[in-house]
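The chain contents come next:
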Amino acid sequence: MVTGLVLSQRASLSAWLPHIHSHATFAQSTERRVRRWLENPAIHPISIYGPLVTRALRDWGGHTLVLALDTSLLFEKFCLIRVSVLFRGRAVPLVSHVLEHSSAQVSTAHLLPVLAEVKSLLDFLGLHQVRLLADRGFYDTELMSWLQICGWHYRIRIKSSLILAAPDGQRLCKISEIRLAPRETRCLQNITLTGRHFGPVHVALARPLDGPEQWQVVSDEPTSVETFAEYGERFQIEEGFLDEKSGLFRLEDSKLRDASSLERLILVLSVATLLLVSEGIEVVQRGDRRAVDPHWRRALSYLKIGLRAVHHALSRGQAVFSRLTLQGGPDPEPPGQRKRPHAPPQMTLEVGWQLVFRSPS
């Protein structure tokens with residue numbers, strides 16, 4: 001199934017058939033076999049994907065593992081909850097769960113079992129330096145408490161309606177009452193949030209130059225202008241959803257319409273993504289990138305380099321997928337132009353409770 005997906009680049013069972021080797025005489029028999037696998041309740045995706053992704057992460061080393069939590073709506077009826085590893089400009093799936101839910105907004109009760117599976121995998125690997133990134137739809141003090149218990153760091157975007165208070169409980173203001181000039185940033189250290197006085201936490205506020213919307217990010221670590229750059233890495237998971245749904249694998253072509261079958265189909269997509277990113281890493285490390293990437297400096301993602309490398313190798317009868325790895329640390333060959341669509345504004349420092357305002361230069 002992974003072979004059919006990679007070679008056809010479509011999440012459609014019928015498109016996989018020419019690439020699946022089977023003893024069946026008729027294509028219909030092969031398609032029924034694949035469909036039965038996808039509908040088999042005895043197949044648990046984490047039991048298949050877990051050993052693969054942990055094998056890939058064994059080479060991560062002592063570097064911080066950055067995770068992104070997000071959801072995506074499928075066919076306006078199902079919600080995909082995903083935690084991905086952010087890796088050199090791409091999001092590699094770690095744990096995925098599909099439930100029948102017509103909104104991308106889900107409760108913390110649905111999120112915690114997914115995060116518990118993530119923690120189990122990382123504990124097995126001995127990876128404890130973790131930073132989780134999430135959008136404002138995931139802000140919840142119960143979730144943040146769980147992350148603190150795990151010892152994970154976090155950067156979560158928060159809503160303007162939240163109340164800020166001093167550590168002693170004295171109410172300061174609502175976030176919406178803080179008005180920033182374009183390119184202005186304020187960093188508030190050691191405060192509490194909401195009427196429950198959750199904290200102490202640290203908040204970074206900013207207003208971009210090109211829009212009226214204000215950015216608010218809460219962190220368990222002291223904030224600075226770099227907090228926005230760290231949070232901005234979260235957008236890589238949205239690129240991953242785009243690759244799956246329309247850009248690369250065309251998940252929208254799937255005719256599956258039940259949550260369990262879709263979750264097993266997403267397993268196939270996740271395995272393919274992991275293999276292709278790993279292959280892209282190998283190609284770059286061997287110095288063979290320019291055989292498949294026409295750009296002088298790397299301009300393609302590791303996922304697309306891996307895909308091109310597979311087609312290049314198969315057309316020449318060469319081996320592929322000789323190693324499975326995701327290696328931590330800096331990118332040895334960063335892209336020629338690194339895009340940062342949400343560049344952080346200029347910084348305004350806070351010392352204690354005294355705010356120092358610096359006008360834009």
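The rules behind these values
Counting of residues starts from 1 at the beginning of each chain's written sequence and follows it residue by residue. Local features are withheld for residues below a pLDDT of 70 in this predicted model, meaning they are given only at 70 or higher, and side-chain atom pairs are given and counted only at 80 or more; totals for whole chains, interfaces and linings count all residues. Hydrogens and water molecules were not included; the side-chain quantities draw on all heavy atoms of the structure. Helix numbering and strand numbering both begin at the N terminus, where a helix is a DSSP run of H or I of at least 4 residues and a strand a DSSP run of E of at least 2. Throughout, exposure labels follow a simple rule: accessible area from a 1.4 Å probe, protein chains only, divided by the maximum for the residue type, with under 20% read as buried, over 50% as exposed, and the rest as partly exposed. Counted as a polar contact is a pair of N or O atoms within 3.5 Å, where, for protein atoms, one must be capable of donating a hydrogen and the other of accepting one, and residues adjacent in sequence contribute only when both atoms are in side chains. In this analysis the probe radius is 1.4 Å and the grid spacing 1 Å, with only protein atoms considered; a cavity is a set of points the probe fits into but cannot get out of, a pocket is an open set with protein on both sides within 12 Å along at least five of seven lines, and lining residues have an atom within 4 Å of a point. Grid points are joined across faces, edges and corners, and a volume is the space filled by probe spheres set on the points. Side-chain classes are defined by residue name, with Ala, Val, Leu, Ile, Met, Phe, Trp, Tyr, Cys and Pro counting as nonpolar, Asp, Glu, Lys and Arg as charged, and the others, Gly among them, as polar. Definition of nonpolar core: a set of buried residues of the types Ala, Val, Leu, Ile, Met, Phe, Trp, Tyr and Cys, connected through side-chain atoms within 4.5 Å. Whether two residues touch is decided by their heavy atoms; if any such pair falls within 4.5 Å, the residues are in contact. Pairing between strands requires that DSSP locate at least two bridges from one strand to the other. Axis lines are fitted through C-alpha atoms, for helices just across the contact stretch, and the angle between N-to-C directions can take any value from 0 to 180 degrees.

(A) Looking closely at the side chain of E184. Its place among the elements puts E184 in strand 8 (residues 184-193). Judged by its relative accessible area of 10%, E184 falls in the buried class. Side chain to side chain, E184 and R186 meet in a polar contact 3.4 Å long.

(B) Representation of empty space enclosed by the protein. A full pass over the atoms with the stated rule returns one cavity of 30 Å³ or more. A volume near 80 Å³ is recorded for the largest cavity. Lining the largest cavity are R82, S84, R90, A91, P93, I237, G240, F241, D243, E244, T273 and L303. At the level of secondary structure, the elements contributing two or more residues to the lining of the largest cavity comprise strand 2 (78-87), strand 3 (90-100) and helix 8 (235-247). Element by element, the count of residues in the lining of the largest cavity is highest for helix 8, at five residues. Taken together, the residues of the lining of the largest cavity break down into five nonpolar, three polar and four charged.

(C) Structural context of the nonpolar core. Within the largest apolar cluster, 103 residues are counted, with the highest numbers of intra-cluster contacts made by L67, L94, W152 and L326. Ranked by residues supplied to this core, first place goes to helix 9 (residues 259-286) with 15 residues. Those residues in contact with L67, other than ones at most four positions away along the chain, are V83, S84, V85, L86, L94, V118, L122, V130, R131, L132, L133 and W152. One finds W215, V217, F228 and Y231 within the second-largest nonpolar core, a separate group that totals seven residues.

(D) Representation of the environment of V53 within the structure. Residue position: V53 is located in helix 4 (residues 45-57). Along the chain, V53 and D243 lie 190 residues apart, while their C-alpha atoms are 19 Å from each other. With sequence-adjacent residues up to four places away left out, V53 is seen in contact with P93, L94, L121 and L274.

(E) Looking closely at the sheet that holds strand 6 (residues 163-165). If you trace the ten strands from one edge of the open sheet to the other, you get 3-2-1-4-5-10-9-8-6-7, paired in mixed fashion. The open sheet has two free edges, formed respectively by strand 3 and strand 7 (171-174), since each of these has just one partner strand. Within this sheet the neighbouring strands show an average axis-to-axis angle of 25°, counted without direction. Two elements, strand 6 and strand 7, share three bridges in a ladder whose sense is antiparallel. Each residue of the ladder has a partner; that of A165, found in strand 7, is R171. Against the sheet, helix 4 contacts strand 1 (65-74) and strand 3, and its axis sits at roughly 165° relative to strand 3. Against the sheet, helix 5 (residues 108-125) contacts strand 1, strand 2, strand 3 and strand 4 (130-134), and its axis sits at roughly 140° relative to strand 3.

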